Amino acid sequence: MRAGRYDVIVVGARVAGAATAMLLARQGLRVLVVDRVSFPSDTISSHQLQVPGVALLQRWGLLGKLAAAGTPPTRRVRFDAGAGLVLDGQFPACAGVDALYSPRRTLLDTILVEAARAAGAEVRENFRVTQLMASGGRVTGIRGSARGRPAVADTAGLVIGADGKRSLVASAVGARRYHERPVRSFASYSYWAGVPASAGELYQRPGRAVAVFPTNDGLTMVYAAAPMTEFAAARADLEGHYLRTLDLCGDLGERVRSGARAERLRTTPDQPNTFRCSHGPGWALAGDAGVVMDSVSAQGMTNALRDASYLSAAVVAGLGGSRPLADALHDHQRRRDRAIRGMYDFTLGLAAFPPATPGQRHFLAAVAADQQETDRFLGAFAGIIPPERYFSRGTVLRILGTRGIRKLTTAGVLSSARLLPQPGMPGWLPGGDR
Ligand SMILES: Cc1cc2nc3c(=O)[nH]c(=O)nc-3n(C[C@H](O)[C@H](O)[C@H](O)COP(=O)(O)OP(=O)(O)OC[C@H]3O[C@@H](n4cnc5c(N)ncnc54)[C@H](O)[C@@H]3O)c2cc1C
């Protein structure tokens, strides 16, 4: 393996890295993308790709490959808030796409890596980066090695860390963290055969969130999240904890037990919540390396693909000379943060597992009674409609009406003074309950 000189080196070749490398190579840049694993490769992640993420794959000409590999689309979702409150609807369309897909990471990441290669990027698998090279305070390249081979150094105008939540690139450059919050939940998931799921299923229970989505090979992915405070106790019997959670969700536990578990249960408490400064001299971050959040809202891959899209546009402008690279990267960070902050807060709220209050249940019941509103609600939950826009005073007024709000306020269920979401409120609906 010979050391080389590139316009851009991308460390990490999954959703963020392979997509960024592909987009940059498509613009004619000389790109090297490396990963310590070889593809197909699985990773600890369930994999609902939300409609906006699917729309990006469509725009890049890759959705057909996902579908051709037998990945089932999910259009209908059943959101069960407990105590008989069920919202059954369809996702609103985004850029002409109206389905969520839940592709195995062995498939999705490989499709992206192949697309990067096809676009002309050099893809180096089984190659671990061990350090960054720098000169005069500027990152100039990477040093690393393929398994059992001597170390090599490669240089580039820009090194992009798309190397995940434990990013070596972010640590090496000391990328500043902000909006950081403690780990809120741990998650367990597995794959089941013989558990048909024609629709996606979401369950909210006190202290629990559950998601059920069909994936490749006729399997169903069943995910459960619980508060981090329970992790130490749950550790003794993670499988029992998982199955008991499914038993809280109508007949789900029974349906799952009537099928066969096709793979081992995966559990992780490694769910940090933080933003990192996304760029500096000679470096930038993409995907989880730049912003990572609890998996309960299933947004990480969509964020990573959006980040790849925004970052690659900034890099092309900066390296192409149409504007200074530092300015383009600075604007990228602002754009990234604007796109993600509302969902980040919403996700932290979900991961606090607040029990639905009486006012919220009234609101949900009114939503459930109206198909269009149900679809909109599901759209906000999935990030198709920005949650900060949806969960607003305007929405409450539209759904409950002034008379409805007055009635609930008189009955003592709602306090109109607190209809807006409170800053830092650990909830997913407009506050306002007594
Ligand atoms: C339990 C769980 C469930 C989740 N469920 C969902 C979901 O349903 N939907 C969703 O959208 N998101 C989900 N996520 C989040 C999602 O997995 C991540 O947001 C996504 O994988 C981020 O992609 P990435 O490319 O930024 O990083 P990663 O997928 O972490 O990829 C980083 C890559 O960098 C490589 N790398 C790291 N260090 C080096 C090095 N030194 N040298 C070479 N290579 C290196 C790694 O091998 C890896 O391949 C979930 C996460 C968890 C933990």
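Residues numbered from 1 in each chain as written. Predicted model: local features only at pLDDT ≥ 70, side-chain atom pairs only at ≥ 80, totals over all residues. Heavy atoms only, no water.

### So, helix α11 (residues 358-368)
- Of all the residues in α11, the buried ones are G359, Q360, F363, L364 and V367. Seen end-on, α11 carries its buried residues on one side only, within an arc spanning 135°.
- In the core, the buried residues of α11 are packed alongside β4 (76-82), β5 (85-90), α12 (371-381), α13 (387-390) and α14 (393-410). (Buried < 20%, exposed > 50% of the residue type's maximum accessible area, 1.4 Å probe, protein only. Helix = DSSP H or I, 4+ residues; strand = E, 2+ residues; numbered from the N terminus. Arc of directions from axis to C-beta. Contact = heavy atoms within 4.5 Å.)

### Regarding the site of the ligand
- Surrounding the ligand, one finds 30 residues, the nearest of these being D35, S45, S46, D288 and M301.
- At a separation of 2.8 Å, an oxygen atom of the ligand approaches a polar side-chain atom of D288.
- One nitrogen or oxygen atom from the main chain of G300 is found 3.3 Å from an oxygen atom belonging to the ligand.
- Here the ligand loses 93% of its free accessible area of 1,000 Å² to cover by the protein chains.
- Listed by contribution, the elements that provide at least two residues to the shell around the ligand are α1 (15-26), β8 (127-135) and α9 (300-320).
- Class assignment for the residues of the shell around the ligand results in 10 nonpolar, 12 polar and 8 charged. (Near = heavy atom within 4 Å. Polar contact = N/O pair within 3.5 Å; in protein donor to acceptor, adjacent residues only side chain to side chain. Areas by Shrake-Rupley, 256 points an atom, 1.4 Å probe, with all protein chains shown as cover. Nonpolar A, V, L, I, M, F, W, Y, C, P; charged D, E, K, R; others polar.)

### Quick word on the nonpolar core
- By size, the foremost hydrophobic cluster in this structure holds 102 residues, and its most contacted members are L57, I160 and F377.
- Ranked by size, the runner-up nonpolar core spans 20 residues in total, among them L132, V139, A156 and L285. (Core = buried A, V, L, I, M, F, W, Y, C linked by side-chain atoms within 4.5 Å.)

### So, α9
- Its 21 residues give α9 an end-to-end C-alpha distance of 29 Å, which sits within 8% of 30 Å, the value for a rise of 1.5 Å per residue.
- In terms of burial, α9 is largely enclosed, as 16 of its 21 residues are buried.
- Residue G321 follows α9 closely and has a positive phi angle near 90°. (Expected span 1.5 Å × (residues − 1).)

### Some words on the packing of aromatic side chains
- Inspection of the entire model under this criterion finds 12 aromatic pairs.
- Measuring from centroid to centroid gives 5.5 Å for Y178 and F275, while their planes differ by 40°, and the two rings are tilted. Of the two residues, Y178 sits in strand β11 (residues 177-181) while F275 sits in strand β18 (residues 273-276), which places them 97 residues apart along the sequence. In terms of burial, Y178 and F275 fall into one category: buried.
- A centroid spacing of 4.9 Å and a plane angle of 90° characterise the contact between Y390 and F391, whose relative ring orientation is edge-to-face.
- You can call Y390 buried: its relative accessible area is 3%.
- F391 sits in the buried class, given a relative accessible area of 6%.
- Among the aromatic residues, those joined into a ring-pair cluster are F79, F346, F377, F381, Y390 and F391.
- Across the ring face of F127, the terminal group of R124 is positioned such that the distance to the ring centre comes to 4.8 Å. (Phe/Tyr/Trp six-rings, centres within 6.5 Å; stacked < 30°, edge-to-face > 60°. Lys NZ or Arg CZ within 6 Å of the ring centre and 35° of its normal.)

### Let's talk about the pattern of salt bridges
- Scanning the model with the defined rule gives 27 salt bridges in all.
- A salt bridge links D109 to R14, with the nearest nitrogen and oxygen atoms 2.8 Å apart. With D109 in helix α4 (residues 105-118) and R14 in the loop between β1 (5-11) and α1, this residue pair connects regions lying 95 residues apart in the sequence.
- By relative accessible area, D109 is classed as buried at 0%.
- Taking relative accessible area as the criterion, R14 reaches 15% and is therefore assigned buried.
- What you see here is one network of salt bridges that share partners, running through D42, R104, E263 and R266. (Salt bridge = Lys/Arg side-chain N within 4 Å of Asp/Glu carboxyl O.)

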